[in-house]
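# Notes for the structure review
Chain by chain, the residues run as shown.
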Amino acid sequence: MKKTISTALAPQAIGPYSQGMSFQKLVFTSGQLPLDANTMEFVSGGIKEQARQSLENLKAVLEEAGASLDTVLKTCCFLSDMNDFVAFNEVYTDVFGTEAAPARSCVEVARLPKDALVEIEAIAFSK
């Protein structure tokens, strides 16, 4: 049976979706924007700061489901500008490393909700 994942440590959904869903040991997160969960505002700064906040939000949802960044199998990363790819990768590598990093798609999109610079979703497994 599927289970809804919800935590106050990540931004609440701004549409008709949940922060995440789990089924058996699989965890599927919704895309995490770089919003501060307390203020629902973007963190200040550029792509690096927004990427780090999106990853922190992702971590909070995963942990609520009994998973972690270490159990992520695949990420989908959406950038509003592919010129930010190198800077985004610096932050992504800080979090996931290079050895045994998750499978990943990273694409430029025309626009993200609230005009974010980045949005990240993941598939993981719970321990």
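For the structure itself, consult the block above.
The paragraphs below set out a description of the structure included in this document. (Residues numbered from 1 in each chain as written. Predicted model: local features only at pLDDT ≥ 70, side-chain atom pairs only at ≥ 80, totals over all residues. Heavy atoms only, no water.)

### A few points about the overall build of the chain
Filter applied, for reference: Secondary structure elements are taken from DSSP: a helix is a run of H or I of four residues or more, a strand is a run of E of two residues or more, and numbering for both begins at the N terminus. We take the radius of gyration over the C-alpha atoms and set the globule estimate at 2.2 Å times the residue count to the 0.38 power.
Helix and strand counts for the chain stand at 2 helices and 6 strands. When its helices and strands are written in sequence order, the chain yields β-β-β-α-β-α-β-β. Taking 127 residues into account, the globule formula puts the C-alpha radius of gyration at 14 Å, and the chain, at 14 Å, falls close to it. Expressed as lengths along the three principal axes of its C-alpha atoms, the size of the chain is roughly 40 × 35 × 25 Å.

### Brief notes about the nonpolar core
Grouped burial of nonpolar side chains is what soluble globular proteins tend to show. Basically, it comes down to this: Each nonpolar core is a collection of buried residues, namely Ala, Val, Leu, Ile, Met, Phe, Trp, Tyr and Cys, held together in the definition by side-chain atoms within 4.5 Å. The buried label goes to any residue with under 20% of its type's maximum accessible area, the exposed label to any with over 50%, and the partly exposed label to all in between, with areas taken from a 1.4 Å probe on protein chains only. Any two residues having at least one pair of non-hydrogen atoms within 4.5 Å are treated as being in contact.
Counting 26 residues, the largest nonpolar core has Val27, Leu58, Leu62, Phe88 and Ile120 as its most contacted members. Those elements that provide at least two residues to this core are helix H1 (47-64), strand S4 (72-79), helix H2 (85-96) and strand S6 (118-125). With 7 residues, the top contributor of residues to this core is H1. Discounting residues that sit within four places of it in the chain, Ile120 has contacts with Ser30, Gly31, Gln32, Ala51, Ser54, Leu55, Leu58, Thr75, Cys76, Cys77 and Phe88.

### Looking at the packing of aromatic side chains
Here is the rule we go by: Geometry of aromatic contacts follows a simple scheme: Phe, Tyr and Trp rings, the Trp one being its six-membered ring, pair when their centres are within 6.5 Å, and the pair is stacked under 30 degrees between planes, edge-to-face over 60, tilted otherwise.
The tally for this structure, following the rule as stated, stands at 2 aromatic pairs. On the numbers, 5.7 Å between centres and 40° between planes, the contact of Phe88 with Tyr92 is tilted. Here Phe88 pairs with Tyr92, and both are found in helix H2, just 4 residues apart, close to one helical turn. For Phe88, a relative accessible area of 0% puts it in the buried group. Classification of Tyr92 as buried rests on a relative accessible area of 5%. Measuring from centroid to centroid gives 4.8 Å for Tyr92 and Phe96, while their planes differ by 45°, and the two rings are tilted. Of this pair, Tyr92 and Phe96 both sit in helix H2, separated by 4 residues, roughly a single helical turn. Taken together, Phe88, Tyr92 and Phe96 form an aromatic cluster joined through their ring pairs.

### Observations concerning H2
Going by this rule: Given a helix with a known number of residues, its expected span is that number minus one, times 1.5 Å.
The terminal C-alpha atoms of H2 lie 16 Å apart, and with 12 residues this matches the ideal 16 Å at 1.5 Å per residue to within 8%. Looking only at H2, the buried set comprises Ala87, Phe88, Asn89, Val91, Tyr92 and Phe96. Where the residues of H2 are buried, they touch H1, S4, strand S5 (103-108) and S6. Two residues or fewer after H2 comes Gly97, characterised by a positive phi angle close to 70°.

### A few points about a nonpolar patch on the surface
How we decide: Each patch is assembled from residues with relative accessible area greater than 30% and no salt bridge, linking like charges that lie within 9 Å and nonpolar side chains (Val, Leu, Ile, Met, Phe, Trp, Tyr) that lie within 5 Å. Note on areas: Shrake-Rupley, 1.4 Å probe, and residue coverage restricted to the protein chains presented here. Counted as salt bridges are all cases of a side-chain nitrogen of Lys or Arg within 4 Å of a carboxyl oxygen of Asp or Glu.
A contiguous nonpolar surface patch, about 420 Å² in accessible area, is contributed by Phe23, Leu26, Phe28, Leu73 and Phe125. Here Phe125 falls in the partly exposed class, since its relative accessible area comes to 35%.

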